[in-house]
Amino acid sequence: MKTYDNAVLNELIERFFRYTAIPSQSDEKADVLPSSPGQMELAQCLAEELKQMELVDKIILTDDAILTARIKGNPEKHAIGFVAHLDTVDIDLSDVIKPQIVHKEAGKDILLNKEKDIWLRESLIPAIAKYNGQDILVTDGTSVLGADNKAAISVMMTLASQLSSLPSFGCGDVYLAFVPDEEIGLLGAKALDPKRLPVTCAYTIDSNEVGELVCETFNAAVASFAIEGVPTHPMGGKNILVNPIMIVSDILQMLDRAAMPEHTEGREGYIWPTDLEANPTRALLALDIRDHDKEEFEKKKAALHHIHRWLEFTYPTAKIKLTVEDIYENIANSIPHPDEPVVALLAEAMKKCGIRPKYIAMRGGTDGSALSAKGIPTPNYFTGAHHFHSIYEFLPVDSFHLCYQVTEELVRAWAKIAKSSDEVVSLPGK
Ligand SMILES: [Zn+2]
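Definitions and cut-offs
Residues numbered from 1 in each chain as written. Predicted model: local features only at pLDDT ≥ 70, side-chain atom pairs only at ≥ 80, totals over all residues. Pairing = 2+ DSSP bridges. Helix = DSSP H or I, 4+ residues; strand = E, 2+ residues; numbered from the N terminus. Axes fitted to C-alpha atoms, helices over the stretch in contact; angles between N-to-C directions. Contact = placed C-beta atoms within 7 Å. Domains from an automatic or database assignment. Nonpolar A, V, L, I, M, F, W, Y, C, P; charged D, E, K, R; others polar. Core = buried A, V, L, I, M, F, W, Y, C linked by C-beta atoms within 7 Å. Buried ≥ 20, exposed ≤ 12 C-beta atoms within 10 Å, placed from the backbone. pLDDT = per-residue confidence, 0-100.

Undergrad: Explanation requested: the sheet that holds strand 10 (residues 212-216) in the structure shown.
TA: Adjacent strands of a sheet form backbone hydrogen bonds with each other and so pair up, either parallel or antiparallel. The eight strands are arranged 1-2-8-3-9-16-10-15 in an open sheet whose pairing can be described as mixed. The open sheet terminates on both sides in strands that have one partner only, identified here as strand 1 (56-61) and strand 15 (358-361). Here the strands of the sheet are splayed against their neighbours by 25° on average, with no regard to which way each runs. One ladder, built from four bridges, connects strand 3 (residues 80-85) with strand 9 (residues 201-207); its direction is parallel. Bridge pairing in strand 9 links Ile80 to Cys201. Helix 3 (residues 147-165) rests against strand 1, strand 2 (67-71), strand 3, strand 8 (174-179) and strand 9 of the sheet, and its axis sits at about 145° to strand 3. Its contacts with the sheet put helix 7 (residues 341-352) on strand 9, strand 10 and strand 16 (380-382), and the angle it makes with strand 10 is roughly 175°.

Undergrad: Is there a simple way to explain the domain arrangement of the protein in this structure?
TA: Taken as a whole, the protein is organised into domain 1 (7-217 + 331-424) and domain 2 (219-328). Using C-alpha coordinates to define each centre, domain 1 is positioned 37 Å away from domain 2. Contact residues are listed per partner, giving eight residues for domain 1 and six residues for domain 2. Looking at the side of domain 1 that touches domain 2 residue by residue, the classes come out as four nonpolar, three polar and one charged.

Undergrad: I keep staring at the sheet that holds strand 11 (residues 219-228) and nothing clicks. Help me out?
TA: Strand order in the open sheet made by the four strands is 12-13-11-14, with antiparallel pairing throughout. Here the strands that pair on one side only, and so sit at the sheet edges, are strand 12 (270-278) and strand 14 (319-328). Strand-to-strand, the axes of this sheet are offset by a mean angle of 15°, without reference to chain direction. In terms of strand pairing, strand 12 meets strand 13 (residues 282-291) through eight bridges, oriented antiparallel.

Undergrad: Explanation requested: the nonpolar core in the structure shown.
TA: Here is a general trend for soluble globular proteins: nonpolar side chains tend to be buried in one another's company. In terms of nonpolar packing, the biggest core is built from 117 residues, with Met156, Phe178, Ala202, Leu346 and Phe394 touching the most fellow members. Domain assignment of the residues forming this core places at least three in each of domain 1 (7-217 + 331-424) and domain 2 (219-328). Setting aside anything within four residues of it in sequence, one finds Met156 in contact with Phe82, Ala84 and Leu176.

Undergrad: Can you help me understand the pairing of strand 3 in this one?
TA: A regular strand places its side chains so that they alternate between the two faces of the sheet. Counting buried residues along strand 3, six of its six residues qualify, which places the element largely inside the surrounding structure. With burial as the criterion, each face of strand 3 is covered, one bearing Ile80, Phe82 and Ala84 and the other bearing Gly81, Val83 and His85. Looking at chain direction, strand 3 and strand 8 are connected through six bridges and run parallel. Looking at strand 8, one finds that Phe82 is bridged to Leu176.

Undergrad: Would you explain the confidence of the model for the protein in this entry?
TA: As a general rule, the predicted coordinates of low-pLDDT regions are not to be interpreted in detail. Taken as a whole, the protein shows an average pLDDT of 94; of its residues, 97% reach a score of 70 or greater. Confidence drops under pLDDT 50 across residues 424-430; counting only partners more than four residues distant or on other chains, this segment forms 13 contacts.

Undergrad: Would you explain unusual backbone geometry in this entry?
TA: The phi torsion of most residues other than glycine is negative, and most of the peptide bonds are trans. Across the junction of Leu33 and Pro34, the peptide omega takes the value 0°, indicating a cis bond. Summarising the element assignment, Pro34 is placed in the loop between helix 1 (7-20) and helix 2 (37-51). Cis geometry is found at the peptide bond from Asp148 to Asn149, where omega equals 20°. The topology assignment puts Asn149 in helix 3. Even without being a glycine, Asp181 presents a positive backbone phi close to 55°. Position of Asp181 relative to the elements: it lies in the loop between strand 8 and helix 4 (187-191). Phi is positive for Asn239, which is not a glycine, with a value near 65°. Its place among the elements puts Asn239 in the loop between strand 11 and helix 5 (244-254).

Undergrad: In this structure, what is going on with the environment of Cys215? I would like to understand it.
TA: Note on placement: Cys215 falls in strand 10. The class for Cys215 is buried, based on 25 C-beta atoms found within 10 Å. Taking C-alpha positions, Cys215 is 8.2 Å from Met362, a pair spaced 147 residues apart along the chain.

Next up, the structure:
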């Protein structure tokens, strides 16, 4: 492993290699939390390391592989939290990750795997050219890199060890939470008891390029129409037979065809059919509902209820059941003003590191969306990595270091604000 003449950077990289060596792919087919044993193994490894750190206490690891710990700070200051997920994406690639550090030379592609002739080419991944002359963490072409989210885990663990040796920070308590199964539906964050995270706000470090600051995500719900028709032999079907396949066809025709993922972007929401099983006896249609705007989100759910009433009126002899379930919330719902300290201090920390924040309304959810629904405002910011969920995932070493520096500056920024200060009166629950 390459070393650098910067202790923090070496620690980050050393941790990254150690944590990526523990395979922790989640498994959508499992119905237990954690969905794979590697996530518990990683959580146990982190818990052991935290036990060695002087200022860390309240280390709790539960059977569901949710690990929380506190870096003890000044009780007069706000407690803040950092949240990372233990799993790597459940994808049809090797779960053994063998990261390597390569030097990117201008105009040259990167050979990921000599034996298998796998390349990271500028023509396919143009973003790589931004990092000419830099050292870059890359895969061996057979797996993801796992910077999603082990870069964040490395940053949080390095923060804990640095804060333990630099108590002069003067910050409040810093809570760390490591949760399983983000990639298969934010399951760990949803299961996390908010009492284990008694903080003013928290942060996930689960976005891509340097500067990304996510303070908006979708509001999300899933819906399903379960339809039981009235099957008969077609020879005697007149005025009796009700075919669920045709009822599904009615539903699909009533949806807004122009407002689906293939025709929307930015802050445009959608209702999207995601699964369908249908035969002449019964049908099951699943839909995703997404919108950044809470009111528009509620209108989309209401539209499905309208459709449901129309179907019940039109097909009185069929049994048609609609279920709608909220699955996560826009993190902005718990951050009423964009200039709230939870976001403003993050932007300030970035600027202190010479980075211009790039605000993103994410077309998806983060663990912060699940925490937001529990009343913990949780924005998200960059790891520095690109191309999550692919063999081309890469993390420039300098960007990784910047991610750590922003994290440390963020803790310093919060350390400047006393809990009793008027500056934070508008924070939720204050
Ligand atoms: Zn992630």
